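So the chains spell out like this:
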Amino acid sequence: MRRDRAPRRLAADGTRWLWSVGHAHPDCRELLTLRRAGARHSRLRLVFRHGPGRIVAGGTWPSGGLGDDRGNFLNVNEPGVVRRFLDEATARGMLPTAHGIEEADGWPLFDALVRHEQRSADSPDLPGAADRDDGPGPAAASAAPRGVGS
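*Asks:* What am I meant to see in the packing of aromatic side chains here?
*Replies:* On inspection of all chains with the given rule, the structure shows 3 aromatic pairs. Ring centres 5.5 Å apart and planes at 70 degrees place the aromatic pair Phe48 and Phe85 in the edge-to-face group. Taken together, the residues Phe48 in strand E4 (residues 42-49) and Phe85 in helix H1 (residues 79-91) connect sequence positions 37 residues apart. When its relative accessible area of 0% is taken as the criterion, Phe48 is described as buried. Owing to a relative accessible area of 0%, Phe85 belongs among the buried residues under this scheme. A ring pair is formed by Trp107 and Phe110, whose centres lie 5.1 Å apart and whose planes are at 75 degrees; its orientation type is edge-to-face. Pair noted here: Trp107 and Phe110 are both in helix H2 (residues 107-122), with a separation of 3 residues, about one helical turn. The pair Trp107 / Phe110 is uniform in exposure class, with both members buried. Chaining the aromatic ring pairs together yields one cluster made of Phe48, Phe85, Trp107 and Phe110.

*Asks:* What am I meant to see in the nonpolar core here?
*Replies:* Most often, soluble globular proteins have nonpolar side chains that are buried together. The biggest cluster of nonpolar side chains holds 27 residues, and the ones touching the most others in it are Leu32, Leu44, Leu46, Phe48, Leu66, Phe85 and Phe110. Mapped onto this core, the elements with two or more residues apiece are strand E1 (8-12), strand E2 (15-24), strand E3 (29-36), E4, H1 and H2. The residues contacting Leu32, other than those within four sequence positions of it, are Trp19, Ser20, Val21, Leu44, Arg45, Leu46, Phe48, Val76, Val82 and Phe85.

*Asks:* Is there a simple way to think about the sheet that holds strand E8 (residues 100-105) in this case?
*Replies:* Sheet strands pair via backbone hydrogen bonds, and the direction of the pair is either parallel or antiparallel. Pairing is mixed in the open sheet, where 5 strands are placed in the order E1-E2-E3-E4-E8. Strand pairing shows two members of the sheet lacking a second neighbour, E1 and E8, which therefore form its edges. Averaged over neighbouring strand pairs, the angle between their axes works out to 25 degrees when direction is ignored. Relative to E8, E4 runs parallel, the two being bridged by 6 bridges.

Criteria and thresholds
- Residues numbered from 1 in each chain as written.
- Predicted model: local features only at pLDDT ≥ 70, side-chain atom pairs only at ≥ 80, totals over all residues.
- Heavy atoms only, no water.
- Phe/Tyr/Trp six-rings, centres within 6.5 Å; stacked < 30°, edge-to-face > 60°.
- Helix = DSSP H or I, 4+ residues; strand = E, 2+ residues; numbered from the N terminus.
- Buried < 20%, exposed > 50% of the residue type's maximum accessible area, 1.4 Å probe, protein only.
- Core = buried A, V, L, I, M, F, W, Y, C linked by side-chain atoms within 4.5 Å.
- Contact = heavy atoms within 4.5 Å.
- Pairing = 2+ DSSP bridges.
- Axes fitted to C-alpha atoms, helices over the stretch in contact; angles between N-to-C directions.

Quick look at the structure:
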């Protein structure tokens, strides 16, 4: 069994990354922490706080689960999801270049990933759109959060 917050490895564009997921209180939040493998003291921590229209893991939600009130769901324990967060943070220039922990609100990145996934699903000309499987159908969608592919 994995230790909570133990770093996991991810390779992206020739760079080795370490990432971990955690849950913290008192204000109930999920934390996704990313760092380059050789940069121990330079980290990006994406913070997902529970709030209006925003749902984080806890109770009946799985560890690492993030969702919104529109039925979108991502799990930051999935490496493919973490890679997409890393790509979005890179595109926005959010990766730290100096020692320290750069803490940022992760919800704008969540929204961007969900929008991108929805555009891909709506446009069969985009890679992967035709292969997307949204699950068992509308009846099951009302019982559980809609998964956004990893």
